[in-house]
Amino acid sequence: ASRFHGRGYLKNTRHGPVFTQEPSDSIFPLSTDDKQVFINCKAKGNPPPHYRWKMDGGEINTQSDPYYSLVEGNLLINNPHVVNHGGVYQCIATNTFGTVVSREAKVQFAFLQNFSRKPRNTVSVREGQAVVLLCGPPPHYGEIKYWWFFNGQRSFLQQDARRFISQRTGNLYVAKVEASDAGNYTCAVRNVMTNATVLSSPTPVVVRRDAVMGEYEPKIEVQFPDTLRVSKGSSVKLECFALGNPVPSISWRRADGNPLPGKIKVNHSSGVLEIPYFRPEDAGVYECVAANSKGRNVARGQLVFNNAEHLHWVQTLKDAHMAIDANLQWECKAVGKPRPTYKWLKNGQPLAPEGRIHVEASRLTISRISLSDSGMYQCVAESEHGAVYASAELKVVASPPNFARRPVKTSTVIQRGGEAALECRPHASPRATVSWWRGGEPLKDSERRIITDDGTLRITNISASDAGRYTCLARNSFGTSSSTGTLLVKEPTRIVVPPLSVDAAVGQSIVLPCEVSSDSSLVPIFKWFFNGKAIDFSRQEHFEMIGGVRIIWLTAGSSCCSQDSRDLTNDPSLKVTAHFIVRPPGAPEGLAVSDITDTTVQLSWGAGADNHSPVTVYVVQARTPFSIGWQTVRTVPDSVPGQMIHATVKDLNPWVDYEFRVVAINGVGVGEPGTPSKHIQTQAAVPKVAPVNVSGGGGARGELVITWEPVPEEQQSAEGFGYVVAFRPLGSSTWIQTVLASPDASRYTYRNESIAPLSQFEVKVGVYNSMGEGPFSLAVTVLSAEEEPSEAPSRVRARALSASVIEVYWEPVPSESGSGKVLAYQVLFWEEGSEQSEAESLRVVGTTALLSGLKGSTAYVISVRAQNSAGLGPCSPAFNYTTKKPPPRQPPANIEWNLTNSKIFLNWEHVKATENESEVTGYKVLYRQNWPGRTTSLETNKTSVELQIPSGEDYLIEIKALTDGGEGTSSGPIRIPKMSSELEMSREAVGRVHSVKLIPCD
């Protein structure tokens, strides 16, 4: 036997180590303040696991190496060194059940060394000539930024069409030297992570006046790679700068001729092209064109969309508890681009295929498992983007047969002629072989007796000679065990006088008999049920039981008699059902229809069976194509008595198909309806119903719009139905009429350019059909259309609320005679550089609008116009407004926490915004208990905070930067584990010794 299960371990269940936190790739800023680095690793297991660490494949001795120490499973690096302690780390957790290894984490240190103090050589250049000043940054790691200073000035050298600083090389490029360029130039380098800045020695530049450089065509000195792969959502910057005289101009274009997307930004006098939020449609060949009066030059490069997908599991492993000699098969599956390869580990070591062990990519098969196969197994999926690990535990169980949990049933009672099934299911690993014994003799399969594959002994057509003691003997390679039970054979119980079904009248008393014969050792027990529910004879006065006999004063329903034969170990039962019925009347028969007019018909029918209860009243029902099911109709007389089998149906609609039926009712209830009549159609007539809800208004200038609710088809009374629309100016005596020959019409528009806006008209709508004209509706007053607004909204202004939201507000358009009421405003907005025809619009009722879902650092063109029922007015003058820079994509990093006396002390590294991101103005800290509940938030302008929380609870905490451009990327949830009062003292001590750096788990 074998069983698989997941990771929901019961309390105190012994199991192998399972990681709850693993190390992840990290870059730590190396500065004088950072004396310790903390790499997370935590696993659960019973017994608790112990930990080891490897760096670059070699074991770390945390006992003897002063740089390393363990805090629980986490690795603490003291006074880290950029060369000695940067590398690939892996955590190893072990307990008595086996070993698992964590994913590999690449740990690096950001640093920036000083420039050499050696003086730099003087650069001599002619006026009009180009020059390139080399920065030559010192050794460093991590993202760095370059600036240049001129003649020791405190401000940076400004870039323009003539001067360019490459952020790839740090070099300063001057396209054409002027006399004012003579002086000392200093390169400044800043490490973005450590915030350290170093300055080079000055480079003297001398401008020679002995000759002036002549004009020459552009030479592109800074250009981007021929091919560059870009991931989805990332930002890419292309640099291009040319030397030349006159100073070249730089422009950008796509080689396929398509326009550059509106989101593209060009900086530093066109020297840098930036494509934020890269998408597949941004891929292609881009060209940088440098031109002056002497010629032009082109640099080109291809941006390729890198359609990579990071590895993630779609099928992981489950722990397995299996019997010895069973076969194991595990399969794991991960997806990603490119497709991953797989390898298997046992207890942290590579698992080599041999003999019983077969590995086929993501599938592991072990045949005839033995005790030595127990341990922790891991499937590793790898690609160029990294690796993911899935782990599971294999427990191999070996034990002799044991009946302690499931012995053979002590006593089994079977009726003579029945069938017995004696189960034998001992716990054993491997599975035990089973044999049955009786009276010291083994039992073999026969015509009435068989031992099934699962060890059950089945005996059919039981006789008295089968009674006795039966023993199951179970045996495997580890031992033998047995269990015994007794089979008792009884005479069968029979109902000799059953109750019979009865069809009775109301008020009649009946007797339902129930007599049985049974084994003399058994006492029969009688139970009666009424419509499936047990009868409580002490509470229901209609029922009485004497012995097994039941006396009933009838209403209606069904009843059954049940007889149980019981002893201490068995509960066989017999059941017989009897039905007695008190019926409502039968369905009326032979319904006939005659004397059909436009609103009445004559009905006649024959009476059905009264079922011992006379009919008291008949109900007539009708159905049409327009009704919902059958509806009761009005008759003459209003109530048709039970002795009357004809009636006149009245108040029908003319020219409508009808079918009729009749239902009989007596003192018991409502009977089944009779068979419906054949379809008949009432005669046609002049329409009698006028349209309702006549009104109107609106439309375009010079229009009178009249509307009404169409007359339903069942009230149109004949074919050829239509409407007569009549209207006249208020105070006039002459009606203007028009005929609409459509029964579905509900609107008429009268156009006349001479109609003044908002003129009053009297309006009424009548009906007609092929039989003649019907009534008109009551006259109502309707206004003609108003004019479109003639003015545009004034004082239209905007303000950016974030990188994606702009608020627009304006003064309302004043009401004018003839223009009516302004119903709404339409705000048009589109990206600068695109056409107004591509504009998006937003309709609002008030005088403010929020434009959301916008791109950060993007200029939008905005215009507003008013709208009334006649249409849209003129647009306000269009103006440009730019959204704020987006918030930083970098989340708060190097989060440190200490937990002392129900207080959490948090601090983190300041988020540094890039040039294209909004500056950080503060931080939002969100925290909640580690289950669904209310989240509490706190805002601060510092990089630390103190939280007061109750002890004994897990907490989840996340931190976001706050900027004018919105909230930045979350740090991700960080779990602060609950602490009992006994642990608070020890945890407080740890907090004083170690400044703990949390690396949030992926």
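These numbers come from a predicted model, not from an experiment.

Draft legend 1. Looking closely at the overall build of the protein chain. Within the protein chain one finds one helix and 94 strands. Taken over the C-alpha trace, the protein chain has a radius of gyration of 47 Å; the compact-globule value for 1002 residues is 30 Å, which it surpasses by more than 25%. Counting all 1002 residues of the protein chain, 43% fall into the buried class. Here the analysis covers contacts within the protein chain between residues at least 6 apart in sequence; of these, 65% occur between residues at least 24 apart. On the protein chain, roughly 51000 Å² of surface is accessible, and the fraction owed to carbon and sulfur atoms is 49%. Across the protein chain, the centroid of the 101 positively charged side chains sits 7 Å from that of the 99 negatively charged ones.

Draft legend 2. Here's a closer look at the UniProt feature "domain: Ig-like" (unreviewed entry) in the protein chain. Listed under "domain: Ig-like" (unreviewed entry) in the UniProt record, and renumbered for this structure, are residues 23–108, 113–200, 218–299, 332–395, 401–488 and 492–577. Measuring from the first to the last C-alpha atom of residues 113–200 gives 11 Å, for a span that is 0% helix and 40% strand. Structurally, residues 401–488 is divided into 0% helix and 52% strand, and its ends, taken at the C-alpha atoms, are 27 Å apart.

Draft legend 3. Structural context of the pairing of strand 2 (residues 15–21). Extensive coverage of strand 2 is indicated by the burial of five of its seven residues. Inspection of the sheet shows strand 2 paired to strand 5 (residues 42–46) by four bridges, in the antiparallel sense. Counterpart to H15 in the pairing with strand 5 is N46.

Draft legend 4. Representation of the state of the cysteines in the model. Under the counting rule described, the total for this entry stands at five disulfides. Across the disulfide from C135 sits C187; the S-S distance is 2.0 Å. Every disulfide takes its handedness from the sign of the S-S torsion; for C135 and C187 that torsion is -80°, giving left-handed. Residue C135 is found in the loop between strand 14 (131–133) and strand 15 (140–141), and its partner C187 is found in strand 19 (residues 183–191); the two are separated by 52 residues along the sequence. Taken as a pair, C135 and C187 share a single burial class, namely buried. Disulfide pairing is shown between C240 and C288; the S-S distance is 1.8 Å. The disulfide joining C240 to C288 has a torsion of about -75° about its S-S bond and is therefore left-handed. Here C288 lies in strand 29 (residues 284–292) and C240 lies in the loop between strand 24 (236–239) and strand 25 (241–245), a separation of 48 residues in the sequence.

Draft legend 5. Highlighting the sheet that holds strand 62 (residues 601–606). Spatial strand order, 61-62-67-65: four strands in an open sheet with antiparallel pairing. Whereas interior strands pair on both sides, the edge strands pair on one side only; in this sheet they are strand 61 (589–594) and strand 65 (635–636). Inspection of the sheet shows strand 62 paired to strand 67 (residues 646–649) by four bridges, in the antiparallel sense. Bridging from a neighbouring strand, L603 pairs with A647 of strand 67.

Draft legend 6. Layout of the UniProt feature "domain: Fibronectin type-III" (unreviewed entry) in the protein chain. Under the UniProt annotation, "domain: Fibronectin type-III" (unreviewed entry) lies at residues 587–685, 690–787, 792–886 and 887–983. As a span, residues 587–685 carries 0% helix and 43% strand, and end to end its C-alpha atoms are 35 Å apart. Secondary structure within residues 690–787 divides into 0% helix and 50% strand; the distance between the first and last C-alpha atoms comes to 32 Å.

Draft legend 7. Just the pattern of salt bridges, in detail. A complete count under the given rule lists 33 salt bridges for this structure. Salt-bridge contacts for R162 lead to D181; the nearest nitrogen and oxygen are separated by 2.5 Å. Taken together, the residues span a long stretch of sequence, with R162 in the loop between strand 16 (144–150) and strand 17 (163–165) and D181 in the loop between strand 18 (172–174) and strand 19 at a distance of 19 residues. This pair shows no difference in class: R162 is buried, exactly as D181 is. Here R425 ties to D454 by a salt bridge, and the two come within 3.6 Å at their closest N and O atoms. Of this pair, R425 sits in the loop between strand 43 (420–422) and strand 44 (427–429) while D454 sits in the loop between strand 47 (449–451) and strand 48 (457–459), placing them 29 residues apart in sequence. When salt bridges with common partners are traced through the structure, they connect R162, E178 and D181 into a single cluster.

Draft legend 8. View of the sheet that holds strand 50 (residues 479–490). The strand order across the open sheet built from five strands is 42-50-49-45-46, with neighbouring strands paired in mixed fashion. Unpaired on one side and paired on the other, strand 42 (411–415) and strand 46 (441–442) mark the two borders of the sheet. Relative to strand 49 (residues 468–476), strand 45 (residues 433–438) runs antiparallel, the two being bridged by five bridges. Note that in strand 49 the partner of V434 across the bridge is A474.

Draft legend 9. A look at unusual backbone geometry. Across the junction of N46 and P47, the peptide omega takes the value 5°, indicating a cis bond. Residue P637 is bonded to the preceding V636 through a cis peptide linkage, with omega at 0°. Relative to the helices and strands, P637 resides in the loop between strand 65 and strand 66 (640–641). We note that E72 has phi near 55°; this positive angle belongs to a residue other than glycine. Here E72 lies in the loop between strand 8 (68–71) and strand 9 (74–78). Even without glycine at this site, S717 takes up a positive phi of about 75°. With respect to the element layout, S717 can be found in the loop between strand 71 (703–709) and strand 72 (722–729).

Criteria and cut-off values
Residues numbered from 1 in each chain as written. Predicted model: local features only at pLDDT ≥ 70, side-chain atom pairs only at ≥ 80, totals over all residues. Heavy atoms only, no water. Helix = DSSP H or I, 4+ residues; strand = E, 2+ residues; numbered from the N terminus. Rg over C-alpha atoms; globule rule 2.2 N^0.38 Å. Buried < 20%, exposed > 50% of the residue type's maximum accessible area, 1.4 Å probe, protein only. Contact = heavy atoms within 4.5 Å. Areas by Shrake-Rupley, 256 points an atom, 1.4 Å probe, with all protein chains shown as cover. Lys, Arg positive; Asp, Glu negative; His and termini not counted. Charge placed at Lys NZ, Arg CZ, Asp CG, Glu CD. UniProt positions renumbered as here; feature names shortened; annotations may be inferred. Pairing = 2+ DSSP bridges. Disulfide = S-S within 2.5 Å. Salt bridge = Lys/Arg side-chain N within 4 Å of Asp/Glu carboxyl O.

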